[in-house]
Amino acid sequence: MVPLWWYIVLGVVLFVIGAAGVLLRRNILVVLMSLELLLNSVNINFIAFGHYYDDFRGQIFAIFVIAITAAEVAVALGILVALARNKSTLKVDEVTILKG
């Protein structure tokens, strides 16, 4: 059986990689993938702690996070398609179309 701390270490490593991607990258697609990595690392920890404590709440929270992530991806990809049609770039610094 795999000990709990392996899952925690995996979640922390994925979270750090995702946070670095959000903070350091300037491409919107890479930032969105890094956000997905952040949320998946949280899901790993939810499920690992739920299994460790024999409780279903961790799995239920993970399902809600997956549902919210799917909605976020659908909205973000729609915005990115509209943005790619209007502007020729997907860099975070150069996109100022949403500023009023």
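Under an unreviewed UniProt entry, the chain has the name NADH-quinone oxidoreductase subunit K and belongs to Mesorhizobium shonense. Recorded in UniProt under Catalytic activity (unreviewed entry), the annotation for the chain is "a quinone + NADH + 5 H(+)(in) = a quinol + NAD(+) + 4 H(+)(out)".

## Details of helix H2 (residues 28–52)
Here H2 spans 36 Å end to end across 25 residues, near enough to the 36 Å set by a 1.5 Å rise per residue. Those residues of H2 lying buried are Ile28, Val31, Leu32, Ser34, Glu36, Leu38, Ser41, Asn43, Asn45, Ala48 and Gly50. If you follow the buried residues of H2, they end up packed against helix H1 (4–24) and helix H3 (57–86). Looking at the residues trailing H2, positive phi occurs at Asp54, about 50°.

## Some thoughts on the UniProt feature "transmembrane region" (unreviewed entry) in the chain
UniProt's feature table lists "transmembrane region" (unreviewed entry) at residues 6–24, 31–53 and 59–83, given in the numbering used throughout. For residues 6–24, helix accounts for 100% and strand for 0%, while the C-alpha atoms at its two ends are 27 Å apart. Its end C-alpha atoms 33 Å apart, residues 31–53 is made of 96% helix and 0% strand.

## Considering unusual backbone geometry
Its identity as a non-glycine residue notwithstanding, Asp54 has a phi of 50°, on the positive side. Along the chain, Asp54 turns up in the loop between H2 and H3.

Calculation rules
Residues numbered from 1 in each chain as written. Predicted model: local features only at pLDDT ≥ 70, side-chain atom pairs only at ≥ 80, totals over all residues. Heavy atoms only, no water. UniProt positions renumbered as here; feature names shortened; annotations may be inferred. Helix = DSSP H or I, 4+ residues; strand = E, 2+ residues; numbered from the N terminus. Expected span 1.5 Å × (residues − 1). Buried < 20%, exposed > 50% of the residue type's maximum accessible area, 1.4 Å probe, protein only. Contact = heavy atoms within 4.5 Å.

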